[in-house]
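The primary structure of each chain is shown beneath.
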Amino acid sequence: MSAADWRKAMNAGATSQAWPRPVRVAGPIPARPPGDAEPAAASAGLAWIARRLHPAHVVVLAALVVYPWVVSPFFTFQIGAQSLALGLIALSLTFLAGYGGMVSLAQMTVAGIAGYAVAIFGASGTPQVSLGWPWWLAVLLALPIAVIAAIVIGWLSVRTEGIYTIMITLAIGVAFYYLVLQNYAVFNGFQGFQRVLAPAVLGVTWGHATPFYYLTLFWALAGYLAVIWVVRAPFGIALQGIRDNPRRMASLGFHVTAHRVAAYALAGAIAAVGGVLMVWYNGLISPGSIGTTALINVLIVSVLGGLRHPIGPFVGALAFVLLQNFAIDLFDRERFNLVIGTVFLVVVLFSPDGLLGWWSRLAAPRPVGGARARSRRGP
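On a predicted model such as this, the values are computed, not experimentally measured, just so you know.

1. Re the overall build of the protein chain
Then, number 1: When helices and strands are counted, the protein chain shows 16 helices and four strands.
Then, number 2: The buried share of the protein chain, reckoned over its 379 residues, is 41%.
Then, number 3: In the protein chain, of all internal contacts separated by at least 6 residues, the share reaching a separation of at least 24 is 74%.
Then, number 4: Counting every atom, the protein chain has about 21100 Å² of accessible surface; 68% of that belongs to carbon and sulfur.

2. Observations regarding the packing of aromatic side chains
Geometrically, a pair of aromatic rings is defined through the distance of the ring centres and the angle of the planes.
Then, number 1: For the coordinates displayed, the defined rule picks out 18 aromatic pairs.
Then, number 2: A centroid spacing of 6.3 Å and a plane angle of 65° characterise the contact between Trp135 and Trp280, whose relative ring orientation is edge-to-face. On the criterion of sequence distance, the pair formed by Trp135 in helix α6 (residues 135-157) and Trp280 in helix α11 (residues 256-282) is long-range, its members being 145 residues apart.
Then, number 3: Trp135 sits in the partly exposed class, given a relative accessible area of 39%.
Then, number 4: An aromatic cluster is present here, built from Tyr116, Phe176, Phe187 and Phe193 joined pairwise through their rings.

3. So, the pattern of salt bridges
Side chains that differ in sign of charge can pair as their charged atoms come close.
Then, number 1: Taken as a whole and assessed by the stated rule, the structure comprises two salt bridges.
Then, number 2: Two residues, Arg260 and Glu161, come together in a salt bridge whose shortest N-O distance is 3.6 Å. Of this pair, Arg260 sits in helix α11 while Glu161 sits in the loop between α6 and α7 (163-182), and the two are 99 residues apart along the sequence.
Then, number 3: Residue Asp244 is joined to Arg243 by a salt bridge in which the shortest nitrogen-to-oxygen separation is 2.9 Å.

4. Considerations on the nonpolar core
Then, number 1: The biggest cluster of nonpolar side chains holds 81 residues, and the ones touching the most others in it are Phe95, Met108, Tyr116, Phe193, Phe212 and Trp280.
Then, number 2: For this core, the secondary-structure elements that each account for two or more residues are α4 (73-100), α5 (107-121), α6, α7, α8 (209-232), α11, α12 (292-305) and α13 (312-326).
Then, number 3: Ranked by residue count, the leading element in this core is α4, at 15 residues.
Then, number 4: When residues no more than four places from it in sequence are discounted, the contact partners of Met108 are Leu86, Ile89, Ser289, Ile290, Ala294, Leu295 and Val298.

5. Considerations on a nonpolar patch on the surface
Then, number 1: A surface patch of nonpolar side chains, about 680 Å² in accessible area, is lined by Leu61, Val65, Val66, Trp69, Val70, Leu221 and Leu225.
Then, number 2: Broken down by secondary-structure element, the contributors of at least two residues to the nonpolar patch are α3 (55-70) and α8.
Then, number 3: The biggest single contributor to the nonpolar patch is α3, with five residues.
Then, number 4: Tracing the backbone shows Leu221 in helix α8.

6. A few points about the packing of α5 against α11
Then, number 1: One can describe the packing of α5 onto α11 by two numbers: an axis separation of 7 Å at closest approach and a directional angle of 55°. Comparing their axes, α11 and α5 come out oblique. As α5 runs across α11, the sense of the crossing is right-handed. Of α11, the residues touching α5 (which contributes Gln107, Val110, Ala111, Ala114, Gly115 and Val118) are Tyr264, Ala267, Gly268, Ala271, Ala272, Gly275, Val276, Val279 and Trp280.
Then, number 2: Here the contact of α5 with α11 is built from residues that sort into eleven nonpolar, four polar and no charged.

Criteria and thresholds
- Residues numbered from 1 in each chain as written.
- Predicted model: local features only at pLDDT ≥ 70, side-chain atom pairs only at ≥ 80, totals over all residues.
- Heavy atoms only, no water.
- Helix = DSSP H or I, 4+ residues; strand = E, 2+ residues; numbered from the N terminus.
- Buried < 20%, exposed > 50% of the residue type's maximum accessible area, 1.4 Å probe, protein only.
- Contact = heavy atoms within 4.5 Å.
- Areas by Shrake-Rupley, 256 points an atom, 1.4 Å probe, with all protein chains shown as cover.
- Phe/Tyr/Trp six-rings, centres within 6.5 Å; stacked < 30°, edge-to-face > 60°.
- Salt bridge = Lys/Arg side-chain N within 4 Å of Asp/Glu carboxyl O.
- Core = buried A, V, L, I, M, F, W, Y, C linked by side-chain atoms within 4.5 Å.
- Patch = residues over 30% accessible without salt bridge, like charges linked within 9 Å, V, L, I, M, F, W, Y side chains within 5 Å.
- Axes fitted to C-alpha atoms, helices over the stretch in contact; angles between N-to-C directions.
- Parallel < 35°, antiparallel > 145°, perpendicular 65-115°, else oblique.
- Left-handed = near helix turned anticlockwise from the far one by under 90°.
- Nonpolar A, V, L, I, M, F, W, Y, C, P; charged D, E, K, R; others polar.

In structure tokens form, the structure reads like this:
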């Protein structure tokens, strides 16, 4: 982050806190029409979108919308919807690690808490444990419970850095795994909850391939735009400053711990939505859904796609899901983790920025031979 961004964020904060100066106006002040503020705000929002909208964005969005109509239901549901739901959970880790410098391995735990809450409060194939409440009430309870859990995890881990943050969040994830594994009264033990199905609303069964794909696409797009907006807001700029130099930001008057915990809360909300979508996608949730392998897979997806842009986790999720579904055609099912580990090592060694970094270098214009020779010789 450049020094200009720091000054802009601090000047914006100083301006909002400064005492307004009186302005002398000659003559009567013309009255503003009652509905004038809303069009101005709407036009400002449209201008902000237009400035950042690229033709490639329109092409990609159009391709995503048309995708279910040109592929089979298997690719719509198993590849497209799963990639979007998994990418949404990985997006929460990308936001924390890429813009906050906090690598949390508990994001799948937060998603699992939301999924378990939907299964416990809503309907499932285990009526002895599930309460059977309406699906919308179960979701409305699941999301804040998962966000509160993310805040607690953040409060416990933000005072550490580096490997210590990774170990604390991993310990929390493993502790929750053993809790649901051994508890039968609330979490139904190792069996978990079966037949946790997506609801049917307005005559549409959202668990079917095409409707569920569009449901995941909507929330993935919402999460992506939310992160894009937050990282450009004063809070996001301050968070990136805390990532780069927390002591300097604290000396400038920023509350480092509060910013980090707030980042965990936002990441928890994103992961919670992804957790609800994942439990509807699988139709079940069990301790295996939040085990150590699942915790590590979210990190692999984030690093595989790239931590420097919010689109990275979705690219990494797509690559991960494709390998998960088609690598067994070339290798034994037991060797899948070896294949994933090999791909992960190759990407990390040759492109630390993930697949997006690889693509950026390939797509960058290369200098011609003469210019390359002059650049080697120097001016």
